[in-house]
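An overview of the molecular structure
Spelled out from the first residue to the last, the chains are:
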Amino acid sequence: MASEIHMTGPMCLIENTNGRLMANPEALKILSAITQPVVVVAIVGLYRTGKSYLMNKLAGKKKGFSLGSTVQSHTKGIWMWCVPHPKKPGHILVLLDTEGLGDVEKGDNQNDSWIFALAVLLSSTFVYNSMGTINQQAMDQLQYPFEKDKTFNLPRLCIRKFFPKKKCFVFDRPVHRKKLAQLEKLHDEELDPEFVQQVADFCSYIFSNSKTKTLSGGIKVNGPRLESLVLTYVNAISSGDLPCMENAVLALAQIENSAAVQKAVAHYEQQMGQKVQLPTETLQELLDLHRDSEREAIEVFIRSSFKDVDHLFQKELAAQLEKKRDDFCKQNQEASSDRCSALLQDIFSPLEEEVKMGIYSKPGKLQDLKKKYHEEPRKGIQAEEILQTYLKSKESMTDAILQTDQTLTEKEKEIEVERVKAESAQASTKMLQEMQRKNEQMMEQKERSYQEHLKQLTEKMERDRAQLLKEQERTLALKLQEQERLLKEGFQTESRKMQHEIQDLQKKMRQRRTCTIS
């Protein structure tokens, strides 16, 4: 479902059965397959106020969401319809239609409060629909439990907090009251022309002005992220807790950051698999390939992760990449040992047979075979160690070669024995130096890895800080506009509360501008 959405009609997203809310697995499955960013439009209002009609219009259909004509709400829970966004290519428009508030069959204001809260928390554009003036009594009944003995007015605070920018539309009655029950069957020419134009203006505004659902920090929400938010909020309500946006974002971050680690590790493995040909000639050659692949893997993680509290997931990535590097080093060592052992067998086995048969006669042949071994390419980092181990294991053979070499005098044989011993000692010293150099290279690589993680993390933190400042500046501008409106309308108490919010936000912004990343 990367490019097309094939929902022919709406589906229940959050079921409301006997006052209990449950997420519908089939609807969640649809969300999980949507890779594009989503624009989420939710509508809330009293029953029989035309909510479903407006949502069908946004979906571009005459039918879909159920229209009610009785005093009972036809829509139970929250229903979802995902369609390609008509004006934002590469985006999906998610329409959420909620059950009517104040349903006479429910008699449970608490249930209405949860539906209202979920609509607010899940949407990027929230529509409150009312017939006539806004029913303040219905709004006042939506009291949201905050503490055991305290409540606050959910609609007013939620709308002000999450949707500081507001737009009002007025709709005339579409047809005569007696024809309202057949509204979805009527053509536009059978409706009041002013109503038709008002609906068209409403849809056009929603399509043009509704933003992509975005979390704190500029995190764009796609289908799987919206799925996670739904589950977190519904589970919180079911367990008796309050649905909290911050908790939902942290839960989402846990899921996505874990996936980001695996995605980064998979990228590292893919790059190393394509670039590395074992055995490498030197350890540094392998470490250089590791460094390039590690840098790309960190970039993959940084792009996919967010809100990595205490950088726990990045530390996990660093540990996994270090283990992968060590695994490659071990494989490189084994590949080198295997190749060198096979070469020695091919090169020296004929000589061994000659010595066993006592027919060795060519002087200097042992040195020639060593030279041939050294000339072979891509023996890897174990070349010298495997050779010396082999020669040490064949000391009896080299002694026999010296004894059968008729061209050497006894004195020359003694000299040759000393030369061989000196050569062996020199090789051992060289091996120790090489081991020390390898250890130094590994320590240097660990430091470079640490610096690479720190560099990319610092850059991400700076980007996040700039993004947060941008969001705060936008919020501040909206709060100042809201405060001015409150003053004009005579809401002095509300204006003072808004002033406190503005001062607190300005303080946070000053701190953000002056902070440094160490």
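Sequence positions are assigned chain by chain, starting from 1 and proceeding in written order. Only residues with pLDDT of at least 70 get local features here, since the model is predicted, and only at 80 or more are side-chain atom pairs given and counted; chain-wide, interface and lining totals rely on the full set of residues. Only hydrogens and water are set aside when side-chain values are computed; all heavy atoms of the structure are taken into account.

Focus on the overall build of the chain
- Secondary structure assignment for the chain yields 15 helices and 10 strands.
- Accessible area is worked out with a 1.4 Å probe on protein chains only. A residue is then buried under 20% of its type maximum, exposed over 50%, and partly exposed in between. For the chain, with 518 residues in total, the buried portion stands at 42%.
- Contacts: residue pairs with any heavy atoms within 4.5 Å of one another. Look at the contacts in the chain between residues 6 or more apart in sequence, and 71% of them connect residues 24 or more apart.
- Accessible surface for the chain amounts to roughly 28,500 Å². Of this, 52% is attributable to carbon and sulfur atoms. Helix and strand assignments come from DSSP, with helices taken as H or I runs of at least 4 residues and strands as E runs of at least 2, each series counted from the N terminus. Note that accessible areas follow from Shrake-Rupley with a 1.4 Å probe, and for residues the cover is restricted to the protein chains shown.

Here's the deal with the packing of aromatic side chains
- Each Phe, Tyr or Trp ring, with Trp reduced to its six-membered ring, pairs with another whose centre is within 6.5 Å; inter-plane angles below 30 degrees give stacked pairs, above 60 give edge-to-face pairs, and intermediate values give tilted ones. The final tally for this structure, using the stated rule, is 9 aromatic pairs.
- With centroids separated by 5.3 Å and ring planes inclined at 65°, the aromatic side chains of Phe116 and Phe126 adopt a geometry described as edge-to-face. Of this pair, Phe116 sits in helix H3 (residues 109-122) while Phe126 is found in strand E6 (residues 125-129), placing the two residues 10 residues apart along the sequence. Exposure class is identical for Phe116 and Phe126. Each is buried.

Here's the deal with helix H1 (residues 25-32)
- Of the positions making up H1, those classed as buried are Ala27, Leu28, Ile30 and Leu31. In an axial view of H1, the angular spread of the buried residues amounts to 155°, which keeps them on one side of the axis. Of the residues in H1, the exposed ones pointing more than 90 degrees away from the buried face are Pro25 and Lys29. Taking the helix axis as origin, the arc is that swept by the directions to the C-beta atoms.

A look at the side chain of Thr280
- Within the secondary structure, Thr280 sits in the loop between helix H8 (245-275) and helix H9 (283-304).
- We call two N or O atoms a polar contact when they sit within 3.5 Å, provided that within protein one can donate a hydrogen and the other can accept it, with sequence-adjacent residues counted only if both atoms are side-chain atoms. There is a polar contact of 2.9 Å between the side chain of Thr280 and the backbone oxygen of Thr282.
- Non-local contacts of Thr280, meaning those with residues more than four positions away in its chain, are made with Glu285, Leu286, Asn332, Arg378, Gly380 and Ile381.

Looking at the pattern of salt bridges
- Note on definitions: salt bridges are taken to be side-chain nitrogens of Lys or Arg within 4 Å of carboxyl oxygens of Asp or Glu. Taken as a whole, this structure holds 17 salt bridges when the rule is applied.
- For Lys57, the salt bridge identified is with Asp188, shortest N-O distance 3.4 Å. Taken together, the residues Lys57 in helix H2 (residues 51-58) and Asp188 in the loop between helix H5 (154-162) and helix H6 (193-209) connect sequence positions 131 residues apart.
- Taking the relative accessible area as the measure of exposure, Lys57 reaches 22% and is therefore partly exposed.
- On the basis of relative accessible area, Asp188 is assigned to the partly exposed category, the value being 36%.
- Through salt bridges with shared partners, one network takes in Glu322, Arg325, Asp326 and Lys446.

Concerning the sheet that holds strand E5 (residues 92-98)
- The strand order E2-E1-E4-E5-E3-E6 describes an open sheet built from 6 strands, whose pairing is mixed. A strand with exactly one partner marks an edge of an open sheet, and here the two such strands are strand E2 (20-23) and E6. Looking at each pair of strands side by side, their axes are set apart by 20° on average, direction ignored.
- Strands were regarded as paired on the criterion that DSSP finds at least two bridges between them. Pairing analysis gives 7 bridges linking strand E4 (residues 78-84) to E5, with the strands arranged antiparallel. Along E5, the bridge assignment pairs Met80 with Leu96.
- Whenever a helix is involved, its axis is fitted only over the stretch in contact; in every case the axis is a line through C-alpha atoms, and angles between N-to-C directions fall within 0 to 180 degrees. Packed onto the sheet, H2 meets strand E3 (38-45), E4, E5 and E6 and runs at close to 170° relative to E5.

Re the environment of Tyr47
- Within the secondary structure, Tyr47 is located in the loop between E3 and H2.
- The partly exposed category is assigned to Tyr47, whose relative accessible area is 23%.
- Each C-alpha atom of the pair Tyr47 and Asn129 lies 9.7 Å from the other, and the pair is 82 residues apart in sequence.

Things to note about the pairing of E2
- In E2, alternate side chains face the same way, and those of Leu21 and Ala23 are buried while those of Arg20 and Met22 on the opposite face are not.
- Summarising the sheet, strand E1 (residues 11-17) and E2 pair through 4 bridges and their orientation is antiparallel. Across the sheet, the residue bridging to Thr17 is Arg20, located in E2.
- As consecutive antiparallel partners, E1 and E2 are separated by 2 residues, and within that stretch Asn18 has a phi angle of approximately 55°, a positive value.

Points about the packing of H9 against helix H10 (residues 312-357)
- Interhelical geometry of H9 versus H10 gives an angle of 155° and a closest axis separation of 11 Å. When the axes of H9 and H10 are compared, the pair comes out roughly antiparallel. In the crossing of H9 with H10, the sense of the turn from one axis to the other is right-handed. Taken together, the residues of H10 that come into contact with H9 (itself represented by Leu283, Leu286, Leu287, His290, Glu294, Ala297, Ile298, Phe301 and Ile302) are Phe313, Gln314, Leu317, Leu321, Arg325, Phe328, Cys329 and Asn332.
- Each residue gets one label: Ala, Val, Leu, Ile, Met, Phe, Trp, Tyr, Cys and Pro are nonpolar, Asp, Glu, Lys and Arg are charged, and the others, such as Gly, are polar. For the contact of H9 with H10, the residue count by class is 12 nonpolar, 3 polar and 2 charged. Roughly parallel means an angle under 35 degrees; roughly antiparallel means over 145; roughly perpendicular covers 65 to 115; every other angle is labelled oblique. Here a crossing is taken to be left-handed if its near helix is turned anticlockwise relative to the far helix by less than a right angle, and right-handed if that turn runs clockwise.

Here's the deal with the packing of H10 against helix H11 (residues 365-375)
- Close contact between H10 and H11 brings their axes to 10 Å; oriented N to C, the two are set at 165°. Considering the angle they form, H10 stands roughly antiparallel to H11. H11 is crossed by H10, and the crossing has right-handed handedness. Counted together, Cys340, Leu343, Leu344, Ile347, Phe348, Leu351 and Glu354 of H10 and Lys365, Leu366, Leu369, Lys370, Lys372 and Tyr373 of H11 form the full contact between these two elements.
- Residue classes in the contact of H10 with H11 are distributed as 9 nonpolar, no polar and 4 charged.

Brief notes about the side chain of Ser52
- Relative to the helices and strands, Ser52 resides in helix H2.
- A distance of 2.5 Å separates a polar atom in the side chain of Ser52 from a polar atom in the side chain of Asp97.

A closer look at the confidence of the model for the chain
- For the chain, per-residue confidence averages 82 on the pLDDT scale, and residues scoring 70 or more make up 81% of the total.
- What pLDDT conveys is the predictor's confidence in a given residue, as a value from 0 to 100. Confidence drops under pLDDT 50 across residues 68-74; counting only partners more than four residues distant or on other chains, this segment forms 20 contacts.
- Contacts for the low-pLDDT stretch residues 144-153, under 50 throughout, to residues beyond four places or in other chains number 23 contacts.

Let's talk about unusual backbone geometry
- Each neighbour pair has its own omega, and for Leu278 with Pro279 the value is -5°, a cis peptide bond.
- For Pro279, the location among the structural elements is in the loop between H8 and H9.
- Positive phi, close to 55°, is recorded for His311, a residue that is not glycine.
- Within the fold, His311 resides in the loop between H9 and H10.
- You can call His311 partly exposed: its relative accessible area is 31%.

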